[in-house]
Amino acid sequence: MDRIVVTGNGPLSGQIPIAGAKNACLTLMPATLLSDEPLTLTNAPRLSDIRTMTTLLQSLGAEVSALNGGQVLAMSSHGLNNHTADYDIVRKMRASILVLGPMLAREGRAIVSLPGGCAIGARPVDLHLKAFEAMGADLDLRDGYVHAEAKGGLKGAVIDFPVVSVGATENALMAATLAKGTTVLKNAAREPEIVDLARCLRKMGAQIEGEGTSTITIEGVDRLHGATHPVVTDRIELGTYMLAPAIAGGEVELLGGRLDLVAAFAEKLEAAGVSVTETDKGLKVARKTDRVRAVDVVTEPFPGFPTDLQAQMMALLCFAEGTSVLEERIFENRFMHAPELMRMGARIEVHGGTATVKGVEKLKGAPVMATDLRASVSLILAGLAAQGETVVSRVYHLDRGYERVEEKLGNVGAKIQRVQGDG
Ligand code: EPZ
């Protein structure tokens, strides 16, 4: 398995281009199942998760062509001929569950493997299933698969989510576009990826109002037509690379960065002593002092501080002057980066969903292990300012969500390389 070797190498400077959002693309791609006309996505990120979703859609009979090096995904589900999303693919990527809603809405049936848990938590899909039942689907869970049927099609319903769920909101939103009548999603997630999905569905002829707020109303239509849609900028990749100059020093411009996508995160960076400035090309980030100040963080659904930036923020706070408290409120086990950072000399105490970080002046490079996508990149960020060499193993986690990380960081002066793994 490949490894990434990072050596603390002083301040960074230059520009980093931000790609299209993985988590938007992973819900936009299944939307092709809603129509027999072509759906083309531009500004798509080149990531292993996107390739996994491509394989899944192709296994259902959809055509997916990655053009222009993978930045354009030309899709058509005209030839849909299989309604079963196999465990072998689904177990690799939980977002596979997002084919359930579109397939059920268009075909009236779908068999999708339950995704199972993952490193950061049990991550059930009960809210997805309850939404489909509310819309009149019959669901039968057996041998690890959801067997869903909606004879005569789905019906509009009022769905009040007890917990804000990005995936359940996306699945129900897609299904509702073809349901008979009106669907109202209450306590809906407000993430930019959902706003992006709604905009794409509207281009396909869907009637949707309220995306980006907690209440989304959808008037079902008989059919959707094709469209072309650009994937929104990846706010998590953006936030991740904003932390590079904050940790290593210097100044970096994030091309395509939008402040509205990372407002709560940028506010925390400013409080820590990092400047975030809008430019005509994106966002410019620079650390204003030798050491950042400690700040407290609580992860919340958008527009709060994103859970997907918690691990990366912890890497910064390991170097801060003072003690920071990070509260992880979205997932039950999302501090697996803490023991790895502690191998580098970080002073962190984890109690349940709270991590207390006592900042230190220096971290020492060490061999560390990536445990999940965002934990892996937080170790790389810490390595940018650690003394000596940090070797991050199991970087297949990293490649799920970050395009060419060694190239993007190397181009702004980081000393970083990918070492081909053995076996
Ligand atoms: C999406 O996951 C993202 N993934 C995650 O990003 C992100 O961390 C998460 O939203 C929260 O923002 C994609 O978009 C592909 P949720 P999702 O449903 O939809 C509980 C990354 O690093 N829940 O909003 O699975 C759940 O256990 C990934 O890119 C239920 O209880 O997240 C969690 O505690 C990691 N029942 C909370 O809700 C359900 O049916 C939020 O989960 C669904 C969720």
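For every chain, the first residue of its written sequence is number 1, and the numbers climb from 1 along that sequence. Under the rules for a predicted model, residues below a pLDDT of 70 receive no local features and side-chain atom pairs below 80 are neither given nor counted, while totals for whole chains, interfaces and linings still include all residues. The basis for every side-chain value is the complete set of heavy atoms in the structure, and neither hydrogens nor water enter the calculation.

Student: Would you mind going over the packing of aromatic side chains in detail, with residue names and values included?
Tutor: Aromatic contacts are taken between Phe, Tyr and Trp rings whose centres are within 6.5 Å, Trp giving its six-membered ring; a plane angle under 30 degrees counts as stacked, one over 60 as edge-to-face, and the others as tilted. The tally for this structure, following the rule as stated, stands at two aromatic pairs. A centroid spacing of 6.3 Å and a plane angle of 80° characterise the contact between Tyr-241 and Tyr-402, whose relative ring orientation is edge-to-face. With Tyr-241 in helix α8 (residues 235-248) and Tyr-402 in the loop between α13 (396-399) and α14 (405-410), this pair connects stretches of sequence that are 161 residues apart. According to the relative accessible area criterion, Tyr-241 is buried, its value standing at 1%. Here's how the labels work: a residue is buried when its accessible area is under 20% of the maximum for its type, exposed when over 50%, partly exposed in between, all with a 1.4 Å probe on protein chains only. Take Tyr-402: its relative accessible area is 2%, and that puts it in the buried class. Secondary structure is summarised from DSSP: a helix means a run of H or I of at least four residues, a strand means a run of E of at least two, and numbering begins at the N terminus for each.

Student: Please set out the pairing of strand β17 (residues 282-287) residue by residue, giving values where relevant.
Tutor: Relative to β17, strand β15 (residues 250-255) runs antiparallel, the two being bridged by five bridges. Along β17, the bridge assignment pairs Glu-253 with Lys-284. Paired strands are those between which DSSP finds at least two bridges. In this sheet, β17 lies alongside strand β16 (residues 274-278) in antiparallel orientation, the contact comprising five bridges. Within the sheet, the bridge partner assigned to Val-276 lies in β17 and is Val-285. Hairpin connection, β16 to β17: the antiparallel pair is bridged by three residues.

Student: Lay out the packing of helix α10 (residues 310-317) against helix α12 (residues 373-385) with the relevant residues and their values.
Tutor: Axes here mean lines fitted to C-alpha atoms, for a helix over just the part in contact, with angles spanning 0 to 180 degrees between N-to-C directions. Between α10 and α12, the least distance of the axes is 8 Å, while the angle of their chain directions is 20°. By the criterion of interaxial angle, the relationship of α10 to α12 is roughly parallel. Judged by the twist between their axes, the crossing of α10 over α12 is right-handed. Here Ala-311, Gln-312 and Ala-315 of α10 lie close against α12, whose contacting residues are Arg-374, Ala-375, Val-377, Ser-378, Leu-381 and Ala-382. A class-by-class count of the residues in the contact of α10 with α12 yields six nonpolar, two polar and one charged. Roughly parallel means an angle under 35 degrees; roughly antiparallel means over 145; roughly perpendicular covers 65 to 115; every other angle is labelled oblique. Helix crossings fall into two classes, left-handed where the near helix is turned counterclockwise from the far one by less than a right angle and right-handed where it is turned clockwise. Between two residues, a contact is recorded if the distance between any of their heavy atoms is within 4.5 Å. Ten residues, namely Ala, Val, Leu, Ile, Met, Phe, Trp, Tyr, Cys and Pro, are considered nonpolar, four, namely Asp, Glu, Lys and Arg, are considered charged, and the remaining ones, Gly among them, are considered polar.

Student: Which residues make up the pattern of salt bridges, and what are the values?
Tutor: Salt bridge, as applied in this entry: a Lys or Arg side-chain nitrogen positioned within 4 Å of an Asp or Glu carboxyl oxygen. Applying the stated criterion across every chain, the model contains 22 salt bridges. Among the salt bridges present, the one from Glu-37 reaches Arg-223, with a minimum N-O distance of 3.3 Å. Placement of the pair is Glu-37 in the loop between α1 (22-28) and β3 (39-42) and Arg-223 in the loop between β13 (215-219) and β14 (227-230), with a sequence separation of 186 residues. On the basis of relative accessibility, which here comes to 29%, the residue Glu-37 falls in the partly exposed class. Accessibility expressed as a relative area gives 47% for Arg-223, which makes it partly exposed. The partner of Glu-327 in a salt bridge is Arg-329, with the nearest N and O atoms 2.8 Å apart.

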